[in-house]
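Analysis of the macromolecular model
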Amino acid sequence: DFDEVVVPGRGQALPGVLAAEAQGLFDDLRVLRRRLAKERSVPAYVVFNDATLRAMATSLPSDRHELLAISGVGPTKLEAYGEDFLEVISDWVARA
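Please read these numbers as outputs of a predicted model, since none were measured by experiment.

Concerning the packing of helix α1 (residues 20–40) against helix α5 (residues 75–95)
As a packed pair, α1 and α5 sit with axes 10 Å apart at the nearest point and diverge in direction by 150°. As summarised for this structure, α1 and α5 are arranged roughly antiparallel, according to the angle between their axes. The two elements α1 and α5 cross, and the hand of that crossing is right-handed. Taken together, the residues of α5 that come into contact with α1 (itself represented by E21, G24, L25, D28, L29, L32, R33, L36 and R40) are A80, Y81, D84, F85, V88, I89, W92 and R95. In the contact of α1 with α5, the residues fall into 10 nonpolar, 1 polar and 6 charged.

Some details on unusual backbone geometry
The phi torsion at S41 lies on the positive side, around 55°, for a residue other than glycine. Its identity as a non-glycine residue notwithstanding, L60 has a phi of 50°, on the positive side. Checked against the element boundaries, L60 lands in the loop between α3 (50–59) and α4 (64–68).

So, α1
Taking 1.5 Å as the rise per residue, α1 with 21 residues should run 30 Å; its terminal C-alpha atoms sit 31 Å apart, in good agreement. Listed as buried for α1 are A22, L25, F26, L29, L32, R33, L36 and A37. Taken around the axis of α1, the buried residues stretch over an arc of 135°, which confines them to a single face. Away from the buried face of α1 by more than 90 degrees, exposed residues A20 and K38 are located. Positive phi appears at S41, one or two residues downstream of α1, with a value of about 55°.

Topic: the pattern of salt bridges
One pass over the structure, following the stated rule, counts 6 salt bridges. E79 is the salt-bridge partner of R64, the closest N and O atoms lying 2.6 Å from each other. Of this pair, R64 sits in helix α4 while E79 sits in helix α5; the two residues are 15 residues apart in sequence, bridging distant segments of the chain. Measuring nitrogen to oxygen at the nearest pair gives 3.2 Å for the salt bridge that ties E83 to R64. Highlighted residues: E83 in helix α5 and R64 in helix α4, separated in sequence by 19 residues. With a relative accessible area of 47%, E83 lands in the partly exposed category. On the accessibility criterion, R64 (30% relative accessible area) is partly exposed. One connected set of salt bridges, linked through shared partners, spans R35, E39 and R40.

Conventions and cut-offs
- Residues numbered from 1 in each chain as written.
- Predicted model: local features only at pLDDT ≥ 70, side-chain atom pairs only at ≥ 80, totals over all residues.
- Heavy atoms only, no water.
- Axes fitted to C-alpha atoms, helices over the stretch in contact; angles between N-to-C directions.
- Helix = DSSP H or I, 4+ residues; strand = E, 2+ residues; numbered from the N terminus.
- Parallel < 35°, antiparallel > 145°, perpendicular 65-115°, else oblique.
- Left-handed = near helix turned anticlockwise from the far one by under 90°.
- Contact = heavy atoms within 4.5 Å.
- Nonpolar A, V, L, I, M, F, W, Y, C, P; charged D, E, K, R; others polar.
- Expected span 1.5 Å × (residues − 1).
- Buried < 20%, exposed > 50% of the residue type's maximum accessible area, 1.4 Å probe, protein only.
- Arc of directions from axis to C-beta.
- Salt bridge = Lys/Arg side-chain N within 4 Å of Asp/Glu carboxyl O.

Right, here's the structure in full:
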């Protein structure tokens, strides 16, 4: 299970801190984001911001519907980038 790191005694995840298992997927998603941004000559955050990539790395969406449920993924970005991100996530899950 890919959960955010929880601070002992506090019961809440630290924003932006991922469990080790999710960190590897987050890194792979960042590599994909950088490549897509470069191909389109836009800043990386225009593709998806870090919070959206963290949500993907922890929730592991397996289809377009689940990806669309993540904050920061709308119909336009789903159409433009969805399949690429779902492929990286699917490959990651298969290797885990």
